[in-house]
Amino acid sequence: MQVDLLAGTTHRPAVLARPVPTILVFDSGLGGLTVLACVTEACRGADIVYAADDAGFPYGRLEEGALVARVLAVMERLVAHHHPDLVVIACNTASTLVLPALRARFAIPFVGTVPAIKPAAAATRSGLISVLATPGTVARDYTRGLVSTYAGGCNVTLVGATGLAALAEAALKGERVEDDAIAAEIAPCFVERGGRRTDVVTLSCTHYPLLLEPMRRVAPWPVEWIDPAPAIARRVGQLLGADAAAERAGGHEAVAVFTAGAGITGPLRIALAGRGLAEVLIEPMPLVS
């Protein structure tokens with residue numbers, strides 16, 4: 001029995017026997033590309049499918065029952081078409097809600113992405129940390145449980161950014177994103193109290209590391225920004241073992257799959273190719289309201 005701290009669920013990972021494993025990295029949009037980069041680096045022997053449910057983006061607007069149903073329906077299609085050996089849910093909003101249902105439905109291992117509150121609490125010197133997330137992630141009892149369990153001795157500010165994920169998507173698509181817009185989204189993270197300042201901010205949405213450089217530039221003072229992607233990649237490598245870690249002479253196969261594809265611009269195709277995703281497929285799955 002193992003405890004997957006990233007996914008927050010006790011489970012028994014499957015024994016993986018295929019010599020060339022396939023990893024499915026799943027998100028509602030483009031944020032999972034930050035996780036994809038680390039997973040690809042850690043698992044050079046694996047084939048990669050990056051799946052973006054852009055027809056459902058952003059997931060934060062969906063009621064909880066609708067979100068669970070949507071992710072299960074999309075995952076049914078993806079698993080049937082691509083036969084992954086392991087799935088990374090590179091989305092905090094989905095991970096904090098849907099992982100139990102996914103593990104109950106499918107026999108393959110799932111690695112989730114949840115707010116990195118434990119490492120933030122270990123890293124802080126001032127005792128003031130901020131969790132920068134989507135409003136849905138901030139509202140989850142799961143997130144508040146992590147705060148209670150791992151950061152009881154800290155002052156934790158939960159910041160539900162309403163537009164930061166959309167700004168990250170826009171930037172990756174080649175659209176202009178103003179620094180002032182980013183500064184307004186992250187401003188609540190920076191707290192001064194009793195002569196102390198916030199010194200650690202967890203990036204608890206996988207979209208946010210896409211904007212790390214401008215966030216550092218507009219921040220009112222320097223902080224440590226915690227991106228969980230490297231830890232997720234290490235967990236994937238542990239589950240898949242040596243076959244995934246070994247580098248293949250011919251390189252791995254990689255493909256990007258979108259459930260709508262309406263926002264795939266020329267600059268985005270270039271950005272995807274730069275991340276090893278030169279092949280882009282559309283598997284239409286409209287969001288039924």
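The rules behind the values
Residue positions are given per chain, counted from 1 along the sequence in the order it is written. Note on the predicted model: pLDDT of at least 70 is required for a residue's local features to be given, and 80 or more for side-chain atom pairs to be given and counted; whole-chain, interface and lining totals, by contrast, use all residues. No hydrogens and no water enter the side-chain calculation; it runs on all heavy atoms of the structure. For helices the rule is a DSSP run of H or I covering at least 4 residues; for strands it is a run of E covering at least 2, with both sets numbered from the N terminus onward. We define a polar contact as two N or O atoms separated by no more than 3.5 Å, with the added condition that, inside protein, one atom must be a possible hydrogen donor and the other a possible acceptor, whereas residues neighbouring each other in sequence contribute only through side-chain atom pairs. Note on definitions: a residue-residue contact is assigned when non-hydrogen atoms from the two residues lie within 4.5 Å. Exposed residues in this analysis have more than 50% of their type's maximum accessible area, buried residues have under 20%, and partly exposed residues fall in between, with area computed by a 1.4 Å probe over protein chains only. The pairing criterion for strands is at least two bridges between them, as found by DSSP. Any carboxyl oxygen of Asp or Glu that lies within 4 Å of a side-chain nitrogen of Lys or Arg is treated as forming a salt bridge with it. Note on method: axes are straight lines fitted to C-alpha atoms, helices fitted across the in-contact stretch only, with angles between N-to-C directions ranging 0 to 180 degrees. Aromatic pairs are defined between Phe, Tyr and Trp rings, using the six-membered ring for Trp, whenever the two ring centres lie within 6.5 Å; interplanar angles under 30 degrees are classed as stacked, those over 60 as edge-to-face, and all others as tilted.

Points about the side chain of T34
Residue position: T34 is located in helix α1 (residues 33-42). Only 2.8 Å separates the side chain of T34 from the backbone oxygen of G31, close enough to count as a polar contact. Beyond its immediate sequence surroundings of up to four residues, T34 is in contact with T206, P209, L210 and A229.

Focus: the pairing of strand β11 (residues 200-203)
Where burial is concerned, the two faces of β11 agree: the one with V200 and T202 and the one with V201 and L203 are both buried. Pairing analysis gives 4 bridges linking strand β7 (residues 128-133) to β11, with the strands arranged parallel. Bridge assignment links L132 to a residue of β11, and that residue is L203. Relative to strand β12 (residues 224-226), β11 is paired through 3 bridges, and the arrangement is parallel.

Focus on the pattern of salt bridges
With the rule as written, the count across this model stands at 8 salt bridges. Among the salt bridges present, the one from E76 reaches R105, with a minimum N-O distance of 2.5 Å. Within this pair, whereas E76 is found in helix α2 (residues 64-82), its partner R105 is found in helix α3 (residues 92-105), the two being separated by 29 residues in sequence. For E76, a relative accessible area of 32% puts it in the partly exposed group. With a closest N to O distance of 2.7 Å, R176 and E178 form a salt bridge. Exposure remark for E178: the relative accessible area of 41% places this residue in the partly exposed category.

Notes on the sheet that holds β11
The strand order across the open sheet formed by 4 strands is β8-β7-β11-β12, and the pairing between neighbours is parallel. The open sheet is flanked by β8 (155-160) and β12, the only strands paired with a single partner. On average, adjacent strands in this sheet sit at an angle of 20 degrees to one another, irrespective of strand direction.

Points about the packing of aromatic side chains
Counted according to the given criterion, the structure contains 3 aromatic pairs. Centre to centre, the rings of F106 and F110 are 6.0 Å apart; their planes meet at 45 degrees, and the pair counts as tilted. Residue F106 is classed as buried on the basis of its relative accessible area of 10%. Given the relative accessible area of 0%, F110 is considered buried. Consider the rings of F190 and W225, whose centres lie 6.2 Å apart with planes at 65 degrees: the pair is edge-to-face. Of this pair, F190 sits in the loop between α8 (179-186) and β9 (192-193) while W225 sits in strand β12, placing them 35 residues apart in sequence. Here F190 matches W225 in class, with each residue buried.

Considering the sheet that holds strand β14 (residues 279-282)
Spatially, β6-β5-β3-β4-β13-β14 is the arrangement adopted by the 6 strands of the open sheet, whose pairing is parallel. Bordering the open sheet on either side are β6 (110-111) and β14, each of which pairs with just one other strand. Contacts from α1 reach β3 (22-27), β4 (47-52) and β5 (86-89), with the element oriented near 175 degrees to β4.

Details of the environment of V111
Looking at the secondary structure, you find V111 in strand β6. With 128 residues separating them along the chain, V111 and L239 place their C-alpha atoms 9.4 Å apart.

Observations concerning the pairing of β4
In terms of residue burial, β4 counts as a mostly covered element, since 6 of its 6 residues are buried. What you see with β4 is no split at all: D47, V49 and A51 on one side and I48, Y50 and A52 on the other are buried throughout. Looking at chain direction, β3 and β4 are connected through 6 bridges and run parallel. Its bridge partner being in β4, D27 is matched across the sheet by A52.

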